[in-house]
Amino acid sequence: FFFVFFCFFFFFFFKQKTAYEISACLVGSEMCIRDRSEKESKNIFERNGPLSYKPNDFELVKKPLRIILDSIASPEYREKAHPTVLVNVLNYFLKRKTLYLIAKNNKEISEVIDYLLKEDVFSKLPDNYFVTLGMILDSSDVRDEKAWEKIIEKILNAREKYNLKTLGKALVLTIKLQSKKVWKGCEKAQSQLVEEITKKLEKEEFDPTAVIAILNAYRGKTKAPEELSKLLEKLVRKNIESIGPSIFSELFNKMTFAYQMSNDFFDDCKEKISKILQEIPFINRKTPSKDDIDPKYFIMLVMGLGKKGALDKETIQKIEARILENKDKLIPKDIITLYTCLTKNKRIHNPVDSFKFINGWIAENIKAIDEGMISKLLLDWKEKDCSLEKEVKEKVKEAVNEMLKRERNMRKDTLRMVYRALDEDLPKDIAEKIRKLLKL
């Protein structure tokens, strides 16, 4: 009896505490999120219909998230928690792009990062956490060269243990550091990572999602090395029939942006692309099938074709017909991305019906459009043949002004786009604030 009592006492008063290592306020906030109904959670965090995401929904979870951030920023909690817990919490916010939406300023985040970089704390992190920590530092715009040298060194030492997706993330990280000119050893690190990626690609079973993770590194000015791009083309060509339509569309999109695709490879892709454009149905969310295509990936395929210069009038007309037939299945991001793609290619063919639908949708759902989408609507703002109607433009201007009045800061690239397009239409105090932030 004494032994049973002792086990019961130990489990409830010691085991639970050490397993969670968590303060009372953090437990309460976790319960707040956990106890929300399944239906309510789906509406906020999942693609569940044309208007599943609403910016106001964020207010429902803002308070518990704020409590979590306050908890990990407090010295009392940090000393109790294992460093992996802190990295996981920051990564949770980073993935959902909520880290800076709830931070009053960057002080709390900086304090947690400084704590994680302390030698005695840093040494407790397992090898598989260094890439994630690096992504958090990059997102927080940390420019401490010694800190980056320490993290990249750990990543390179552990590279043989990483899978292809993690290596792809590490490659993205080094290329970002190179573009920011934060650390001098980026090129050497990239060559070591590419060498390891090449080895694993040749040995392991083909995984198109791993290839996408690698290609994510080459979205900007940096292009994939010739040896790597040839190997990727060879693997995709060999396995092209087994790749589902959604994954293929994303893969094709990434490849067109990562390097100059060979004509032979593009010819091999044409038959599959033609089938996706004409025959493959948009995903039915009630009975999803691997043979359907998610609208967002269909639009990615269209963007890839535009990048390759393979959009002619007939192809755009087919795309327009498919989109208009399935417009009820699109979410806000799909519609704005479609607008961007059609705007860039309207010299080939001006899809009047699509622009009419998009203008009507924006007018009705301006509140569902977030900061990232607004910048895309400003692409041809000052052109004479702007695709947005006059009334819609006024609503977009009002939405931008509302965003600028909020306490949280916009991303600098979005601010630049806003300033270039709306410099004459912005209130003087807001225009002055933007000029100071951009140092114009």
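Residues numbered from 1 in each chain as written. Predicted model: local features only at pLDDT ≥ 70, side-chain atom pairs only at ≥ 80, totals over all residues. Heavy atoms only, no water.

Colleague: Just checking my understanding: could you explain the overall build of the chain for this structure?
Modeller: Within the chain, the regular secondary structure consists of 25 helices and 0 strands. Out of the 440 residues belonging to the chain, those deemed buried represent 48%. Considering only contacts within the chain whose residues lie at least 6 apart along the sequence, 70% involve residues at least 24 apart. Accessible surface computed for the chain: about 25,200 Å², of which carbon and sulfur atoms make up 51%. (Helix = DSSP H or I, 4+ residues; strand = E, 2+ residues; numbered from the N terminus. Buried < 20%, exposed > 50% of the residue type's maximum accessible area, 1.4 Å probe, protein only. Contact = heavy atoms within 4.5 Å. Areas by Shrake-Rupley, 256 points an atom, 1.4 Å probe, with all protein chains shown as cover.)

Colleague: In this structure, what is going on with the packing of helix α23 (residues 390-405) against helix α24 (residues 412-422)? I would like to understand it.
Modeller: Following both chains from N to C, one finds α23 and α24 inclined at 135°, their axes separated by 12 Å at the closest point. It follows from the interaxial angle that α23 and α24 lie oblique. By crossing handedness, the relation of α23 to α24 is classed as left-handed. Between α23, through K397, V400 and L404, and α24, the contact on the second element is made entirely by L415, V418 and L422. Considering only residue class, the contact of α23 with α24 consists of 5 nonpolar, no polar and 1 charged. (Axes fitted to C-alpha atoms, helices over the stretch in contact; angles between N-to-C directions. Parallel < 35°, antiparallel > 145°, perpendicular 65-115°, else oblique. Left-handed = near helix turned anticlockwise from the far one by under 90°. Nonpolar A, V, L, I, M, F, W, Y, C, P; charged D, E, K, R; others polar.)

Colleague: Whenever I open this one, the layout of surface pockets confuses me. Can you help?
Modeller: Gaps left between atoms show up when a probe the size of a water molecule is rolled over them. Taken as a whole, the second largest pocket holds about 410 Å³ of empty space. Put simply, the parts of the chain that give the lining of the second largest pocket at least two residues each are α16 (245-258) and α17 (263-278). Considered class by class, the residues forming the lining of the second largest pocket number 9 nonpolar, 4 polar and 9 charged. (1 Å grid on protein atoms, 1.4 Å probe; cavity = no way out; pocket = protein on both sides within 12 Å on 5 of 7 lines; lining within 4 Å. Points joined across faces, edges and corners; volume = space filled by probe spheres on them.)

Colleague: What exactly am I supposed to notice about a negative patch on the surface here?
Modeller: On the surface, E111, D114, D144, E145, E149 and E153 cluster together into a negatively charged patch. Where the negative patch is concerned, the elements lending two or more residues are α8 (107-116) and α11 (145-157). Of the residues forming the negative patch, the biggest block, 3 residues, is contributed by α11. Inspection of the secondary structure puts D144 in the loop between α10 (130-139) and α11. (Patch = residues over 30% accessible without salt bridge, like charges linked within 9 Å, V, L, I, M, F, W, Y side chains within 5 Å. Salt bridge = Lys/Arg side-chain N within 4 Å of Asp/Glu carboxyl O. Lys, Arg positive; Asp, Glu negative; His and termini not counted. Charge placed at Lys NZ, Arg CZ, Asp CG, Glu CD.)

Colleague: How should I be thinking about empty space enclosed by the protein in this particular structure?
Modeller: Taken as a whole and assessed by the stated rule, the structure comprises 2 cavities of 30 Å³ or more. Of the voids in this model, the second largest cavity is the one considered here, and its volume is about 40 Å³. Surrounding the second largest cavity, V302, L311, I316, I319, C341, L342, N345 and H349 form its lining. If you list the elements that add at least two residues to the lining of the second largest cavity, you get α19 (313-325) and α20 (332-344). Each residue belonging to the lining of the second largest cavity can be placed in one class, and the counts come to 6 nonpolar, 2 polar and no charged.

Colleague: Would you mind showing me how to read the side chain of Q190 here?
Modeller: Tracing the backbone through its elements, the reader meets Q190 in helix α13 (residues 186-203). Looking at Q190, its side chain comes within polar contact range of the side chain of Q178, at 2.7 Å. (Polar contact = N/O pair within 3.5 Å; in protein donor to acceptor, adjacent residues only side chain to side chain.)

Colleague: Can you help me understand helix α15 (residues 226-239) in this one?
Modeller: In an α-helix, one full turn covers 3.6 residues, which means residues spaced three or four apart are oriented alike. Given a rise of 1.5 Å per residue, 14 residues ought to cover 20 Å, and the 20 Å separating the end C-alpha atoms of α15 matches this to within 8%. Along α15, the residues that are buried comprise L228, S229, L231, L232, E233, L235 and V236. (Expected span 1.5 Å × (residues − 1).)

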